[in-house]
Structure formats: C-alpha cells, structure tokens
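Below, each chain spelled out in residue letters.
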Amino acid sequence: MMWDASSFLSSLTPKFYVALTGTSSLISGLILIFEWWYFKKYGTSFIEQVSLNHLGPWLGGNGDGDPLDLKVWRNPMSLLRGAEYGRLWGAVRRAPLTYYDMNLSAQEHQAWFCSGAGTSGVDETLARAWREREPAARVACARAALALRPDCAAALLLLAEEDAPTVLEAERVLRRAWRAGEASWRSLAAAGSAAAARREAAVLAHVKRRAAMCARRLGRLRDAARLFRELARDAPPALSSLSLHENLIEVLLEQKAYADVQALLARYDDACLSLPRSATVCYTAALLKARAAASSFSTSNTARSLIESALEAARRAIDYNAHVPEYLLELRPLTLPPEHYLRRGDSEAVAYAFWHLRHWRAVDGALELLSVAWTAAGRGAYVTAWSSCADRELLPAHHPPPLMPRGYTPGLLPLAAALCGAAALLAALAQRWPSLALAALDPRRVLLALLAAL
C-alpha cells in the first residue's frame, strides 16, 4: 500500500500544528540567544562563520580569500623578549605575549635549530630550553649549553632574545653569535657534513636577521637596510616564510627612500609570485599612492586621477584587512606586536600599525585619504569573513577585542528571541487549554479590541 500524502495531511489535528509552531519558535529563540551571546563575547557572527568556513566549500563557493591567509605566520618585525617585551611586564605586570604565541615560537626554534634523532648534549639542552615556559629556565638551559660548547650560536641567540636587558647588549651578544655561527658553518661545510651545515646556516641567518633588527632599533638604518638586502638575496629555505621584504620596506620608509620602496613593491606585489599578500604590501602601496596624490595637489585632471587612484588603493587595502584603519586613525589603542599573526586578522593589524603608524603620519594627507576610504567602505564591514579565534589566542588578554563588524548590530537579536519565546509560550498554552486560547485569539474579538483602542 503506497503512502498517501493527502490522507496523512488531512488526518493532522490542530494540536499538531500548535505543537509544531511552539517547538520551532522555541528552537529559533534558543538559536538567536546563542548568536547574541556569541557576538557579544567574540565580536563576530557564529552563523556567518559556519556558513563561510564549512558550508561555503560544499556549496561550491570559495569566498574571496586565499587558504594561506588562514595560516598563522611568523611576525618578521617581532621584538626582543628581554629588552623590549620584558619592559611591559616590568612596568605594569602585564604579559605581552600569550602562551599560544610563545609555544608556536618554541616549535619553530626546535624545527630550525635542533637536529632531531641522535642529538648531542648541547642539542638536548637547547631543545629543553625552547620548551621551557619560564624565561629564567630558558636562560639557565642556554647557559648550560654554553658551558658544554662555548661557541654555540643557537644558545647565544637565545640569550640575546631572553636575557639581554637592552637592545645594545642584545646586539653585542648577537655579534658574538654571528662570529661563532660563521666559524662553525665554515668548519662543517669543509668537513662535508651537509645536514649540520644547513642547520648552522639557518642559525646564522636568524642571528643576522635579529642583528639587523637591533641596528634598526638603534637608528643605524643603512646597516639594517644592507643586512636585510643581503638576507633577502641569500636567505636559506628556513627563512623563506619570514617575509624579509617587510623588514626592508619598513627600513626604507624610515629612510624616506620612497623610490626604492616602489621598486620593491613592484617585485613582491606580483600575483605570479607564490608569496602571499600582506597588510604591509597592501597598505604601503596605498601610502605611496597617497603621497603621490598629496605632492601633486591641484585642480587639474591629473591630480584628480591621482586622488582617485589613491582612494582605490586604500579601498583595496581595507578590503584585505579592515582592522588596520582603526589603529592608524588612533581609534583603538595599540599593544606590543605578537610574535605570530593571522593574515587579514586583528593580530596582523597590530603588528603592522605598531611600526608603520609613524610613516603614515609623515605623509601629509595620507591619514585623511585613508579615513575617507574607510568611511566609504562601511567602516570595517569586511571583517567578519576573517575573524578567527586564532587572533584571540595570539593577542594578550588586556588588549580589547575588535568592535567589528560595523555593518549591522545585534540589538534586535534579543527582541527576536523574546518574540520567539512568546510564540512558544502561547503555543504551549493553546496546547494545554485549547478552548481558552480559541476564545482569546478569536479574530473578531481581536479586531473589535483594536478598533476600540483606535
């Protein structure tokens, strides 16, 4: 006997429809309450995240993002833990780095500097040092490794990062590590130990990179630019993910060598390269366009086209990472940049604005153009697609979460949840006392009450 849909529907009683209405209203109210709570706590829509990240690929949509953007990347402009991050803890007793951030650094250091199976006592001590959570324990392990091998460049690098109280002292230790690493690399290469030589070359490249950062912090811009150029040209594969061009861009902007920055962007802002885009590349391109528009300000058609080009470049940069304008326009407080960031996330915006705010201030009219473009773009309405829990794990607890997205407000969610709850309550009452409900909800009686009220 085949199933007859018409007979099934005709056998349904009004109580079934009342129960169905009440159940669906109750479930809808619970979903809206959860969505409102999630938005208030994390600043983003749970339903939108699930739709974009899980349902979108099934439906054939891949969004407007690159899968590489969802990775956590090493911050090439990270500070020294002892000389710079440690000052925040010493001044206000606030942790500048999260445990998740430091744990990512520990994993990277072990992958770069430790040889794996069959390690020596020095390697085992250094591996334990990277795994230690307390700075004092890491420094003690590094000193123990130096006691076993005084010319250990990796141990000296750790001491420069963790133990040096000033940038100048950190640079002095890094120079010592530079000499030790170069001598060790030459001896290993001459002995024919290819694997050990590659590992020592990675250590030496990291030492040079941190030495270049120290030179930048101490104001020796020519030395820093030279070192970053050499590293970008001769860097080993271990440094391929560190985006050394971003260090060079920042140093050249500090030197006001805008022509060199433009040439560098023309090389790295090529869609054919495997290197992913970043806030540094996008916003530096917008900054150069704003500078060109400000330098040729007039009422001519050329000036108008330059301004339109600058606004378009700013709009593309905001489309890539809409968190950045709030920091550049000083609408949100900055904090020390993390050691890792999520591309297109709030952590990348902090890492960029910490170093580049001064460069935007140095160009007349650049911040005004950015403000106009940001207002026209909806003041950060693009952020929801790139909000992630990784940002909350990378940024310290004292840093306020973003107030994005600004395209809509969840203020109506509690009202909608209340209406759904009221509908579920009415359905339950109608199920329990159907005669009273029918009398109370009689359309004629309701219409007469409304007419009397009017």
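Please refer to the structure higher up on the page.
Residues numbered from 1 in each chain as written. Predicted model: local features only at pLDDT ≥ 70, side-chain atom pairs only at ≥ 80, totals over all residues. Heavy atoms only, no water.

Visitor: Just to check I follow, could you spell out the overall build of the protein chain for this structure?
Guide: A tally of helices and strands in the protein chain yields 22 helices and two strands. The buried share of the protein chain, reckoned over its 454 residues, is 44%. Total accessible area on the protein chain is roughly 23,800 Å²; 61% of this is exposed by carbon and sulfur atoms. (Helix = DSSP H or I, 4+ residues; strand = E, 2+ residues; numbered from the N terminus. Buried < 20%, exposed > 50% of the residue type's maximum accessible area, 1.4 Å probe, protein only. Areas by Shrake-Rupley, 256 points an atom, 1.4 Å probe, with all protein chains shown as cover.)

Visitor: Is there a simple way to explain the packing of helix α8 (residues 153-162) against helix α9 (residues 167-191) in this structure?
Guide: Each pair of packed helices can be summarised by the angle the axes make with each other and by the distance between the axes. Where α8 contacts α9, the two axes come as close as 9 Å, and the packing angle between them is 170 degrees. The orientation of α8 relative to α9 falls into the category roughly antiparallel. For the pair formed by α8 and α9, the contact residues are A153, L156, L157, L159 and A160 on the first element and A170, V173, L174, R176, A177, A180 and G181 on the second. Split by residue class, the contact of α8 with α9 holds ten nonpolar, one polar and one charged. (Axes fitted to C-alpha atoms, helices over the stretch in contact; angles between N-to-C directions. Parallel < 35°, antiparallel > 145°, perpendicular 65-115°, else oblique. Contact = heavy atoms within 4.5 Å. Nonpolar A, V, L, I, M, F, W, Y, C, P; charged D, E, K, R; others polar.)

Visitor: What is the right way to read α8 from this model?
Guide: The periodicity of an α-helix, 3.6 residues per turn, causes residues three or four places apart in sequence to face the same way. Most of α8 is tucked away, with ten of its ten residues classed as buried. When we look at burial in α8, the residues that qualify are A153, A154, A155, L156, L157, L158, L159, A160, E161 and E162. The elements touched by buried residues of α8 are α4 (81-92), α5 (99-113), α6 (121-131), α7 (135-148), α9 and α10 (194-217).

Visitor: Help me understand the packing of aromatic side chains in this model?
Guide: Describing an aromatic ring pair means giving the distance of the ring centres and the angle of the ring planes. Counted by the stated rule, this structure contains three aromatic pairs. Each ring, one from Y283 and one from W360, has its centre 6.4 Å from the other, and the planes form 65 degrees; the classification is edge-to-face. Residue Y283 is located in helix α14 (residues 279-295), and its partner W360 is located in helix α17 (residues 346-362); the two are separated by 77 residues in the primary sequence. The same class applies to Y283 as to W360, namely buried. Plain terms: the ring middles of F354 and W355 are 5.7 Å apart, the flat faces sit at 75 degrees to each other, and that makes the pair edge-to-face. Relative accessible area serves as the criterion here: at 27%, F354 is assigned to the partly exposed category. An aromatic cluster of three or more residues is present, and its members are Y283, Y352 and W360. Stacked on the ring of Y99, the Lys or Arg R133 has its end atom at 4.0 Å from the ring centre. (Phe/Tyr/Trp six-rings, centres within 6.5 Å; stacked < 30°, edge-to-face > 60°. Lys NZ or Arg CZ within 6 Å of the ring centre and 35° of its normal.)

Visitor: What am I meant to see in the pattern of salt bridges here?
Guide: Between side chains of opposite charge, a pair can form as their charged atoms come close. Per the stated rule, a full pass over the model turns up 24 salt bridges. Its salt-bridge partner being E348, residue R343 comes within 3.8 Å of it at the nearest N-O pair. Summarising the burial analysis for this pair, R343 and E348 share the class buried. Here the salt bridges share partners, and the residues they tie into one network are R81, R138, E162 and E339. (Salt bridge = Lys/Arg side-chain N within 4 Å of Asp/Glu carboxyl O.)

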